[in-house]
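Structural overview for review
So you can see what is in the structure, the chains are spelled out below.
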2 protein chains.
Amino acid sequence: MAQLGLIGLGIMGRPMALNLLAAGHTVHVYARREAALAPFRDHPQAVIHASPAEVARQAEVVFTVVSDTPDVEAVLFGPQGLAEGLRAGATVIDMSTISATATREFASRLAAQGVDMLDAPVSGGEVGAIQGTLSIMVGGRVEVFERVKPWLEILGKNIVHVGEQGAGQVAKACNQVVVAVTIEAVAEALTFAAAHGVDGNRVREALLGGFAGSRILEIHGKRMLSGDYTPGFKTSLHAKDMRIVAAGITEQGLRLPCASLVGERLQALAETSDAESDSSVLFKLLSH
Amino acid sequence: MAQLGLIGLGIMGRPMALNLLAAGHTVHVYARREAALAPFRDHPQAVIHASPAEVARQAEVVFTVVSDTPDVEAVLFGPQGLAEGLRAGATVIDMSTISATATREFASRLAAQGVDMLDAPVSGGEVGAIQGTLSIMVGGRVEVFERVKPWLEILGKNIVHVGEQGAGQVAKACNQVVVAVTIEAVAEALTFAAAHGVDGNRVREALLGGFAGSRILEIHGKRMLSGDYTPGFKTSLHAKDMRIVAAGITEQGLRLPCASLVGERLQALAETSDAESDSSVLFKLLSH
């Protein structure tokens, strides 16, 4: 059984740590918030530490599951960060959704001290994290990927090595573009139906069997029709991911009109009381 | 066995007529183009007529499968049109994709002579028409729908009564919005991947298992990645359907930004040599 580390015991990180523990591994953990540590206090194979550096001194593989690019940077290279404790030959697997460009820079700084890094952002949400059915999009050296794959298989089902460092983050950005724009597609269609006096529930049913069918039409379409925007995936987080996409669009001089437009709408909603609603609340901007 | 009529023996209408014949019915047909009649000349239960009016005189139910609103109007109310021959108690089932507003007007003109009309546009393309697996979205009186359902079941699988007259056309418009905007979503994501030096095939594979998964990502995504734009569904026809959507948007004073934007792009492509390409050729407008 391996000595693993996991930093970031939030909605996603906590169930992931619990799944690694359930598989029999020792998991060294650290969290800024005292409350996040509660489920680990009495677990015989969980070891709570006072800093990322201390976790790093004990673990051969460390998972990071935090919110955004600056959080990953602080956990890696801040005071008492992982970099202070990581030994040559260790591996960092960053499962946060952050910038691909920053990922490449972090990986190269770690490589200088003999540490491998993979970017391995996920999709599938809290339910996927709890059930161990996440989709995991991995960037980094293929030998490193093959070496750590058994641990990734504890956390997810559809695990794809997409390419070199940063490629996992690029795939995740693509994922968020497709999800956001498809939500907008369904929202616009259901708005069209309502404006023409046609029952959206029947339209959804009629469309589900054909080319317009998708999990977004099925699940997010239902949220729009019922007006129940319990997340799911929060608007504030989807807006954050689309800011990463926007930076990638600018960096490459692209013009991706629907991705940019929907990103801006999510941003606008994230500044309202709908920040905590499921991002299918995009529907409201059309119906009003 | 019933006396049925079918007007419009094109890519969709021809296999539909053949399926009705294969089910044992007599099918009275008319087509403007001589060549379209060839598969019916020697069929013992097919009866070729010189005008829609003649077809109407023989049939209790007449299917119309033509291209656009003016074509349906001409077949119904033009010289030697169906209206001249239809008896009280007959039913017209229009499976073309046309304007919902025009549909309501046509239905009310037919009702004045005791003829029922259903709008029953389809999705599923030529393959669905051949295999009898079309999705059929039906608008009109529910008693009429129940009466003709056995014939619809010869032509399709997912058959939904969406609502009153025009509701089938509204659902089809919604279908075309979702398909067009989801194609754009996939095209923008794959453009983002390529610009960041990441293999779109791996991204597609990584995304297929999760919330970003759809038949569009699977099938149209593959067309974009291979550059093989054999239709599928032609850009010129998708552009025509999105013009119907645009008219519906204007009529109701809506603002559906992605549907309008993608509609305009399809229109632009329909005026180039890509008019006959699959509408996933939207990808080209981003990659160039």
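Residues numbered from 1 in each chain as written. Chains lettered and ligands numbered in written order. Predicted model: local features only at pLDDT ≥ 70, side-chain atom pairs only at ≥ 80, totals over all residues. Heavy atoms only, no water.

1. Observations regarding the overall build of chain A
Our working rule: Counting from the N terminus, the helices are DSSP H or I runs at least four residues long and the strands are E runs at least two residues long. Only C-alpha atoms enter the radius of gyration; for comparison, a globular chain is expected to reach 2.2 Å times N to the power 0.38, where N is the number of residues. With a 1.4 Å probe rolled over the protein chains alone, any residue whose accessible area is under 20% of its type maximum counts as buried; one over 50% counts as exposed, and the rest are partly exposed. Throughout, a contact is declared for two residues whenever any of their heavy atoms are within 4.5 Å. Each accessible area is a Shrake-Rupley estimate made with a 1.4 Å probe; only the visible protein chains count as cover when residues are assessed.
Secondary structure summary: chain A contains 13 helices and nine strands in total. Taken against the 2.2 N^0.38 rule, which gives 19 Å for 288 residues, the C-alpha radius of gyration of chain A at 20 Å falls within 12% of a compact globule. By residue count, 59% of the 288 residues in chain A fall in the buried class. Long-range contacts, defined as pairs at least 24 residues apart, comprise 65% of the intrachain contacts of chain A with a sequence gap of at least 6. Of the accessible surface of chain A, which amounts to about 10,900 Å², a share of 51% is contributed by carbon and sulfur atoms.

2. Some thoughts on the interface of chain B and chain A
Let me state the cut-off plainly: Buried surface area refers to the total accessible area, computed with a probe of radius 1.4 Å, that the two partners give up upon joining, counted for both partners together. Here a salt bridge means any side-chain nitrogen of Lys or Arg lying within 4 Å of a carboxyl oxygen belonging to Asp or Glu. Polar contact is the term for a pair of N or O atoms within 3.5 Å; when the atoms are in protein, one must be able to donate a hydrogen and the other to accept it, and sequence-neighboring residues count only if both atoms are side-chain atoms. Gly falls in the polar group here, along with every residue not listed as nonpolar (Ala, Val, Leu, Ile, Met, Phe, Trp, Tyr, Cys, Pro) or charged (Asp, Glu, Lys, Arg).
Listed by partner, the interface residues are 60 residues for chain B and 60 residues for chain A. With both chains or domains summed, chain B and chain A bury close to 5,200 Å², and 72% of this area falls on carbon and sulfur atoms. Between the two partners, chain B and chain A, sit zero salt bridges. Counting every contact that joins chain B to chain A gives eight residue pairs in polar contact (both at pLDDT 80 or more). Of all the secondary-structure elements, those providing two or more residues to the side of chain B that touches chain A are β8 (134-139), β9 (156-163), α8 (167-195), α9 (200-208), α10 (215-226), α11 (235-251) and α12 (257-270) of chain B. The element best represented in the side of chain B that touches chain A is α8(B), accounting for 20 residues. Considered class by class, the residues forming the side of chain B that touches chain A number 36 nonpolar, 15 polar and nine charged.

3. Some thoughts on the UniProt feature "domain: 6-phosphogluconate dehydrogenase NADP-binding" (unreviewed entry) in chain A
Cut-off, in case you're wondering: UniProt positions are given in the numbering used here, feature names are shortened, and annotations may be inferred rather than shown by experiment.
The feature "domain: 6-phosphogluconate dehydrogenase NADP-binding" (unreviewed entry), as given by UniProt, occupies residues 4-163 of chain A in the numbering adopted here. In residues 4-163 of chain A, helix accounts for 39% and strand for 25%; the two terminal C-alpha atoms are 24 Å from one another.

4. Considerations on the nonpolar core
Rules: Buried Ala, Val, Leu, Ile, Met, Phe, Trp, Tyr and Cys residues that are joined via side-chain atoms within 4.5 Å together make up what is termed a nonpolar core.
With 90 residues, the main nonpolar core has V162(A), L207(A), V162(B) and L207(B) as its most contacted residues. Among all residues touching V162(B), those that are not within four sequence positions of it are V198(A), R202(A), V203(A), A206(A), M137(B), V138(B), A167(B) and A171(B).

5. Looking at α9(B)
Filter applied, for reference: The directions from the helix axis to the C-beta atoms form the arc being described.
For α9(B), the complete set of buried residues consists of G200(B), V203(B), R204(B), A206(B) and L207(B). Looking straight down α9(B), one finds that the buried residues subtend no more than 165 degrees of arc, so they occupy a single side. Buried positions along α9(B) lie against β8 (134-139), β9 (156-163) and α8 (167-195) of chain A together with α8 and α10 of chain B. Taking the backbone nitrogen of N201(B) as reference, a side-chain oxygen 2.8 Å away marks D199(B) as the first, capping residue of α9(B).

6. Section: the side chain of K240(B)
Residue and element names in this part refer to chain B. Positionally, K240 belongs in helix α11. Reaching out from K240, the side chain makes a polar contact with the backbone oxygen of T97 at a distance of 2.7 Å. If sequence neighbours within four positions are ignored, K240 has contacts with S67, D68 and T97.

7. Concerning the pattern of salt bridges
Here the structure, examined in full by the defined rule, presents 22 salt bridges over all chains. Residues E143(B) and R141(B) are paired through a salt bridge, measuring 2.4 Å at the closest nitrogen-oxygen approach. Between R202(B) and E205(B) there is a salt bridge whose closest N-O contact spans 3.6 Å. Within this pair, R202(B) and its partner E205(B) are both found in helix α9, separated by three residues, close to a single helical turn. Using a relative accessible area of 30% as the deciding quantity, one classes R202(B) as partly exposed. Within this structure, D116(A), R141(A), E143(A) and R147(A) form a network of salt bridges that share partners.

8. Here we look at the UniProt feature "domain: 3-hydroxyisobutyrate dehydrogenase-like NAD-binding" (unreviewed entry) in chain A
UniProt's entry tags residues 166-285 of chain A with the feature "domain: 3-hydroxyisobutyrate dehydrogenase-like NAD-binding" (unreviewed entry), counted in the numbering of this structure. End-to-end, the C-alpha atoms of residues 166-285 of chain A are 33 Å apart, and along that stretch the chain is 71% helix and 0% strand.

9. Some thoughts on the packing of aromatic side chains
All names here are of chain B. Put simply, the test is: A pair of aromatic rings is counted whenever rings of Phe, Tyr or Trp (Trp by its six-membered ring) have centres within 6.5 Å, and the orientation is called stacked for planes under 30 degrees apart, edge-to-face for over 60 and tilted otherwise. Any Lys NZ or Arg CZ found within 6 Å of a ring centre and within 35 degrees of that ring's normal is scored as a charge over the ring.
Taken as a whole and assessed by the stated rule, the structure comprises two aromatic pairs over all chains. Seen in terms of ring centroids, F77 and F106 are 5.8 Å apart; in terms of plane orientation they differ by 55 degrees. Their pairing is tilted. Here F77, found in helix α3 (residues 69-77), pairs with F106, found in helix α5 (residues 100-111); they are 29 residues apart in sequence, far enough to count as distant. In this structure, R109 is placed above the aromatic ring of F77, and the distance from its NZ or CZ to the ring centre is 3.8 Å.

10. Quick look at the pairing of strand β4 (residues 61-64) of chain B
Residues and elements named next belong to chain B. Which entries qualify depends on this criterion: We treat two strands as partners when DSSP finds at least two bridges between them.
Of the two faces of β4, the one carrying V61 and F63 and the one carrying V62 and T64 are both buried. Pairing of strand β1 (residues 3-7) with β4 involves four bridges; the strand directions are parallel. Bridge assignment links G5 to a residue of β4, and that residue is V62. In this structure, β4 lies alongside strand β5 (residues 91-94), joined through four bridges in parallel fashion. Bridging from a neighbouring strand, V61 pairs with T91 of β5.

11. Topic: the domain arrangement of chain A
Residue and element names in this part refer to chain A. Definition in use: Just so you know, the domain bounds were taken from an automatic or database domain assignment.
Along its sequence, chain A is carved into domain 1 (3-164) and domain 2 (170-285). One C-alpha centre belongs to domain 1, the other to domain 2, and the line joining them spans 29 Å. If you look at the interface, domain 1 gives 13 residues, while domain 2 gives eight residues. Carbon and sulfur atoms supply 60% of the area buried between domain 1 and domain 2, which totals about 860 Å² over both sides. Remark: the boundary between domain 1 and domain 2 carries five residue pairs in polar contact (both at pLDDT 80 or more). Only α5 (100-111) and β7 (122-123) provide two or more residues apiece to the side of domain 1 that touches domain 2.

12. Comments concerning the pairing of β5(B)
Definition in use: With its strands directed away from the observer, a crossover is right-handed exactly when the path from the first strand over the helix to the second travels clockwise.
Side-chain alternation along β5(B) places T91(B) and I93(B) on one buried face and V92(B) and D94(B) on a second face that is also buried. Each parallel crossover has a hand, and for β5(B) linked through α5(B) to strand β6 (residues 116-119) of chain B it is right-handed.

13. Things to note about the relation of the copies chain B and chain A
Definition in use: Least-squares fitting of one copy onto the other uses the C-alpha atoms of those residues that reach a pLDDT of at least 70 in both copies.
Superposition record for chain B on chain A: RMSD 0.0 Å, screw rotation 180 degrees, translation along axis 0.0 Å. In short, the pair behaves as if placed about a two-fold rotation axis. Interface overlap between copies is the fraction of interface residues in one copy that are interface residues in the other; for chain B against chain A it reaches 100%, indicating a shared surface.

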